[in-house]
Amino acid sequence: MDLDDYLQEYFPNLKLSPPLFYNWDYGIRFELGNPPMFKVDKELYMQKVYDRAINLYRYLHKDNDEIFIVTNAHFADKPNPIRRKPKVYRRYINKKDVLRGLQHTVIPYVFGDVYEIDDFETHRFILKSHERDIKYGSLIKAICNNDVAIKPSIYHDVFFVNISAGTIFHVYDDRGCDVIATSKEALKNIYRDYNEWILNYDRLRIDQQFAAFDGH
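Residues numbered from 1 in each chain as written. Predicted model: local features only at pLDDT ≥ 70, side-chain atom pairs only at ≥ 80, totals over all residues. Heavy atoms only, no water.

Caption draft 1: Summary view of the overall build of the protein chain. Secondary structure summary: the protein chain contains nine helices and seven strands in total. Taken over the C-alpha trace, the protein chain has a radius of gyration of 17 Å; the compact-globule value for 216 residues is 17 Å, and the two agree within 12%. Counting only C-alpha atoms and orienting by the principal axes, one finds that the protein chain spans roughly 55 × 45 × 40 Å. Within the span of the protein chain, comprising 216 residues, buried residues form 47% of the whole. Intrachain contacts of the protein chain at a sequence separation of at least 6 include 70% that bridge at least 24 residues. Only carbon and sulfur atoms are counted for the fraction: they give 47% of the accessible area of the protein chain, which is about 11500 Å². Taking the 30 positively charged and 32 negatively charged side chains of the protein chain as two groups, their mean positions are separated by 7 Å. (Helix = DSSP H or I, 4+ residues; strand = E, 2+ residues; numbered from the N terminus. Rg over C-alpha atoms; globule rule 2.2 N^0.38 Å. Buried < 20%, exposed > 50% of the residue type's maximum accessible area, 1.4 Å probe, protein only. Contact = heavy atoms within 4.5 Å. Areas by Shrake-Rupley, 256 points an atom, 1.4 Å probe, with all protein chains shown as cover. Lys, Arg positive; Asp, Glu negative; His and termini not counted. Charge placed at Lys NZ, Arg CZ, Asp CG, Glu CD.)

Structure, rendered in structure tokens:
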């Protein structure tokens, strides 16, 4: 099953772009870092961000899970974009032979309706692998580094589509991450075990989703 077929069957009509939490019925938005703390203690702030993001990823993904790593890349200011494969695939995969399955497609600009731009394109790179093949710790840190001028960093949107678990995980920046799933049941455990990390701004909406489960 390819990515499009999978999304159509299990996440019909989902637009795979930020903000995932607002694009789907079943989801949780977690807080990774509180930006004002960055100026107080940059190192401590980033360590908290890394720890939270990596712990949430580990909770959702197991060694044998089959995963699509999906990267939405935008190269409006760069020539020959098809040759500029995101570094996520070269630096953060354990088995290089897995890279032979890398797919590339060009789709309409995913933010076209937001910014009213119709002459940009989104280059989507898709790699199907197992969780054990991903250097997820280093990869997640690089994603978190994007907006805080720390290297290495990845400025493209990277989505972890877990075929086995029925979840999609996306760190949108150092402030937070979204987790969506095919059902509320698929998220009830992470909702329970990491409840304190839920972003307060969206807590009411999230709590209402899980109100039917015992204990909440």
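So that's the structure; there's more coming.
Caption draft 2: Local environment of the nonpolar core. In this structure, Ile28, Phe30, Leu56, Ile69, Phe160 and Phe169 are the most contacted members of the largest nonpolar core, which totals 48 residues. By residue number, the principal contributor to this core is helix H4 (residues 42-60), which donates nine residues. Not counting the four nearest positions on each side in its chain, Phe169 is found in contact with Ala53, Leu56, Tyr57, Leu60, His61, Ile140, Val158, Phe159, Phe160, Cys177, Asp178 and Val179. Of all hydrophobic cores here, the second largest spans 15 residues; its members include Leu16, Leu20, Val70 and Phe159. (Core = buried A, V, L, I, M, F, W, Y, C linked by side-chain atoms within 4.5 Å.)

Caption draft 3: Focus on helix H1 (residues 3-10). By the burial criterion, the buried members of H1 are Leu3, Tyr6 and Leu7. Projected down its long axis, H1 shows its buried positions confined to an angular sector of 95°, all on one face. Opposite the packed face of H1, turned more than 90 degrees from it, sit the exposed residues Asp4 and Gln8. Elements in contact with the buried residues of H1: strand S2 (66-73), strand S4 (121-130), strand S5 (157-162) and strand S6 (167-173). (Arc of directions from axis to C-beta.)

Caption draft 4: Main features of the side chain of His170. Tracing the backbone through its elements, the reader meets His170 in strand S6. When neighbours within four sequence positions are excluded, His170 is seen to be in contact with Pro18, Leu20, Asp157, Val158, Phe159, Cys177 and Asp178.

Caption draft 5: Region of interest: the state of the cysteines. A full pass over the atoms with the stated rule returns zero disulfides. Free of any disulfide, Cys144 has its nearest cysteine sulfur in Cys177, 8.2 Å distant. On the basis of relative accessible area, Cys144 is assigned to the buried category, the value being 0%. Judged by relative accessible area, Cys177 falls into the buried class, the value being 0%. (Disulfide = S-S within 2.5 Å.)

Caption draft 6: Expanded view of the sheet that holds S5. Ordered in space as S1-S7-S6-S5-S2-S4-S3, the seven strands form an open sheet in which the pairing is antiparallel. Single-partner strands in this sheet number two, and they are strand S1 (27-31) and strand S3 (103-108). Shown here is a sheet whose adjacent strand axes are inclined to one another by a mean of 20°, direction ignored. Pairing analysis gives six bridges linking S3 to S4, with the strands arranged antiparallel. Bridge assignment links Ile107 to a residue of S4, and that residue is Thr122. (Pairing = 2+ DSSP bridges. Axes fitted to C-alpha atoms, helices over the stretch in contact; angles between N-to-C directions.)

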